[in-house]
Amino acid sequence: MRSGDLEYAEFAANRSGPLYRSACLLTGGDTHLAEDLVQETLSRMYLVWRRPGRLFGGRAIENPAGYAQGVLYRQFIDHHRRRSSGERPVAEVPDRAGPEDTSTLRMTLLEALARLAPRDRAVLVLRYWEDLSVEETAEILRCRPGAVRSQSSRALARLRSLLGDELNDLAAR
C-alpha cells in the first residue's frame with residue numbers, strides 16, 4: 001500500500017463520523033441516503049487524494065476536511081436534482097423506530113428540516129450546525145454571500161412556520 005493510501009485511510013476514518021452526522025441532518029434522518037452520500041463523498045475524495053499535489057481545478061486543496069464537507073453538500077443537492085421521477089413526497093412521515101435516547105425535540109426538528117427544500121436545508125445545516133460563516137457557506141455552495149444571507153433568512157422563517165408553537169412547547173419541557 002502506498003503512503004498516500006495510508007494517509008487517505010486515516011483521513012477517511014477521521015472524517016466519516018462528522019460527514020455522516022452532517023449527512024443525516026441534510027437528509028432529514030434518512031440514514032441510508034446519508035450513508036450513500038458519505039460513501040460517494042469519500043470515493044470522490046479518494047480520486048482527488050491520488051492526484052499529484054492533491055490538485056483540483058489547478059490549485060492545491062489546503063483544507064481536505066473542508067473540501068470533503070463541500071463535496072458532501074454538493075452531492076446532497078445533486079441527488080435531489082437527479083432524483084427519479086417515480087419518487088413522490090408524502091404529507092406524513094411514516095412511523096419508524098428511532099434510538100431510545102432520541103428526544104422528541106430532536107425528532108421534531110429533523111422532521112421539520114426534512115420538509116424544507118434541499119438548498120434551504122443545506123444553508124441551515126452549514127450555517128447553524130456546522131457553524132460556518134456566510135462567506136464559507138457561500139464558497140461551499142458556490143453562490144454569493146448575499147444569497148446565503150437571504151436564503152438562510154427565508155429558510156429560518158419557513159422552519160419557524162413549520163414548527164409553529166410546537167417548538168415552544170417542546171423547549172419548555
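A brief structural summary. (Residues numbered from 1 in each chain as written. Predicted model: local features only at pLDDT ≥ 70, side-chain atom pairs only at ≥ 80, totals over all residues. Heavy atoms only, no water.)

## Brief notes about the overall build of the protein
Item 1. When helices and strands are counted, the protein shows eight helices and two strands.
Item 2. The N-to-C order of helical and strand elements in the protein reads α-α-β-β-α-α-α-α-α-α.
Item 3. Nonlocal contacts in the protein, meaning residues at least 24 apart in sequence, comprise 67% of its contacts between residues at least 6 apart. (Helix = DSSP H or I, 4+ residues; strand = E, 2+ residues; numbered from the N terminus. Contact = heavy atoms within 4.5 Å.)

## Structural notes on helix α5 (residues 118-129)
Item 1. By the burial criterion, the buried members of α5 are D120, R121, A122, V123, L124, V125, L126 and R127.
Item 2. Where α5 terminates, the next one or two residues include D131, which has phi positive at roughly 60 degrees. (Buried < 20%, exposed > 50% of the residue type's maximum accessible area, 1.4 Å probe, protein only.)

## Overview of the nonpolar core
Item 1. Ranked by size, the top nonpolar core spans 43 residues in total, and within it Y8, L26, M45, L72, Y73 and L141 carry the most contacts.
Item 2. Among the secondary structure elements, those contributing two or more residues to this core are α1 (3-26), α2 (31-49), α3 (64-81), α4 (104-114), α5, α6 (134-141) and α7 (145-163).
Item 3. Each residue touching Y73, except ones within four places of it in the same chain, is listed here: S22, L26, A122, V125, L126, E130, I140 and L141. (Core = buried A, V, L, I, M, F, W, Y, C linked by side-chain atoms within 4.5 Å.)

## With respect to unusual backbone geometry
Item 1. Even without being glycine, D131 reaches a positive phi, approximately 60 degrees.
Item 2. As for its placement among the helices and strands, D131 is situated in the loop between α5 and α6.
Item 3. Accessibility expressed as a relative area gives 64% for D131, which makes it exposed.
Item 4. If you check the backbone angles, R142 has positive phi at about 55 degrees while not being a glycine.

## Examining α7
Item 1. Compared with an ideal rise of 1.5 Å per residue, which puts 19 residues at 27 Å, α7 spans 27 Å between its outermost C-alpha atoms and is within 8% of the ideal.
Item 2. For α7, the complete set of buried residues consists of V148, Q151, S152, A155, L159, L162 and L163. The buried side chains of α7 occupy one side of the element, clustering within an arc of 105 degrees when seen end-on. In α7, the exposed positions that point more than 90 degrees away from the buried face belong to R154 and R160.
Item 3. A positive backbone phi angle near 55 degrees is found at G164, which sits one or two residues after α7. (Expected span 1.5 Å × (residues − 1). Arc of directions from axis to C-beta.)

## Looking at the packing of α5 against α6
Item 1. Where α5 meets α6, the closest approach of the two axes is 10 Å, and the angle between their N-to-C directions is 140 degrees. Viewed along their axes, α5 and α6 adopt a mutual orientation that is oblique. Seen from above, α5 lies across α6 with right-handed handedness. Between α5 and α6, the contacting residues are R119, A122, V123, L126 and R127 on the first element and V134, T137, I140 and L141 on the second.
Item 2. Considered class by class, the residues forming the contact of α5 with α6 number six nonpolar, one polar and two charged. (Axes fitted to C-alpha atoms, helices over the stretch in contact; angles between N-to-C directions. Parallel < 35°, antiparallel > 145°, perpendicular 65-115°, else oblique. Left-handed = near helix turned anticlockwise from the far one by under 90°. Nonpolar A, V, L, I, M, F, W, Y, C, P; charged D, E, K, R; others polar.)

## With respect to the side chain of S152
Item 1. Its location among the elements puts S152 in helix α7.
Item 2. Taking the relative accessible area as the measure of exposure, S152 reaches 7% and is therefore buried.
Item 3. Among residues more than four places away in sequence, those in contact with S152 are V123, L124 and Y128.

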